[in-house]
Amino acid sequence: MSSTMRLLGKYEVQAAIGKGQRAKVYRAMALDSQHLVAIKVFRSDAILPAAMDAFRPIAEALTRLRHPGIARLIELLERDGKVMLVWELAEGKSLASLLQEGGRPDPKASWHMARQILEALAHAHTQGLVHRDLKPENVILGPGGYVKVTDFGIS
């Protein structure tokens, strides 16, 4: 995505917020609802065209996944040869950031976080979905001690 691109469909891109091996993530505003979203834009070679047939039903299942501890997939977009996932933006700090800064939650807070993560994953499993990339970068610690699991990606 070029730095001059500010509009992506019905989303106004505000800033780059993350980068992985296969994709970049941008913060954007949904123009129709004024909600903040995260748009994960995969590299052109990250999802081969033949894999899209298997990917679409997984993305559809993810859009139906509803749990307060899981960032919701809003939609799958395909534009100009790029595959993009539009997610609910989970506000807060990643567990990875907290750990890198030397922060260690006390045992009670750790138990509370672990329980929320396990409840979210258990819900996904009841829907036939497995995260397959759970790591501290994909756990967001929000205000009030809530935890949100993000980036189910290609579950």
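So, a few notes on the structure that sits alongside this text. (Residues numbered from 1 in each chain as written. Predicted model: local features only at pLDDT ≥ 70, side-chain atom pairs only at ≥ 80, totals over all residues. Heavy atoms only, no water.)

**Observations regarding the side chain of Asp-151**
The residue Asp-151 is located in the segment after strand 9 (147–149) in this model. Accessibility expressed as a relative area gives 18% for Asp-151, which makes it buried. Among the polar contacts listed, one links the side chain of Asp-151 to the side chain of Lys-40, at a separation of 2.8 Å. In this structure, Asp-151 is in contact with Lys-40, Trp-87, His-131 and Asn-138, ignoring residues within four places of it in sequence. (Helix = DSSP H or I, 4+ residues; strand = E, 2+ residues; numbered from the N terminus. Buried < 20%, exposed > 50% of the residue type's maximum accessible area, 1.4 Å probe, protein only. Polar contact = N/O pair within 3.5 Å; in protein donor to acceptor, adjacent residues only side chain to side chain. Contact = heavy atoms within 4.5 Å.)

**Some thoughts on the sheet that holds strand 9**
Across the sheet, which stays open at both edges, the 3 strands sit in the order 7-8-9 with antiparallel pairing between neighbours. Single-partner strands in this sheet number two, and they are strand 7 (93–94) and strand 9. For strand 7 and strand 8 (residues 139–141), the ladder comprises 2 bridges, and the chain directions are antiparallel. By the bridge assignment, Lys-93 is partnered in strand 8 with Leu-141. Of the strands in this sheet, strand 8 and strand 9 are in contact with helix 3 (residues 107–126), which crosses strand 9 at around 35 degrees. (Pairing = 2+ DSSP bridges. Axes fitted to C-alpha atoms, helices over the stretch in contact; angles between N-to-C directions.)

**Notes on the nonpolar core**
Residues Phe-42, Ile-47, Leu-62, Leu-65, Trp-87 and Phe-152 are the most contacted members of the largest nonpolar core, which totals 29 residues. At the level of secondary structure, the elements contributing two or more residues to this core comprise strand 4 (36–42), helix 1 (49–64), strand 6 (82–88), helix 3, strand 8 and strand 9. Within the second largest apolar cluster, 12 residues are counted, among which are Tyr-11, Val-13, Ala-30 and Leu-77. (Core = buried A, V, L, I, M, F, W, Y, C linked by side-chain atoms within 4.5 Å.)

**Section: the pattern of salt bridges**
Applying the stated criterion across every chain, the model contains 10 salt bridges. Close ionic contact of Lys-148 with Glu-88 constitutes a salt bridge, the shortest N to O distance being 3.0 Å. With a gap of 60 residues between them, Lys-148 in strand 9 and Glu-88 in strand 6 connect regions that are remote in the sequence. Residue class for Lys-148 comes out buried when judged on its relative accessible area of 9%. The exposure class assigned to Glu-88 is partly exposed, which follows from its relative accessible area of 27%. Each member of the salt-bridge network shares a partner with another, and the members are Lys-10, Asp-32 and Glu-75. (Salt bridge = Lys/Arg side-chain N within 4 Å of Asp/Glu carboxyl O.)

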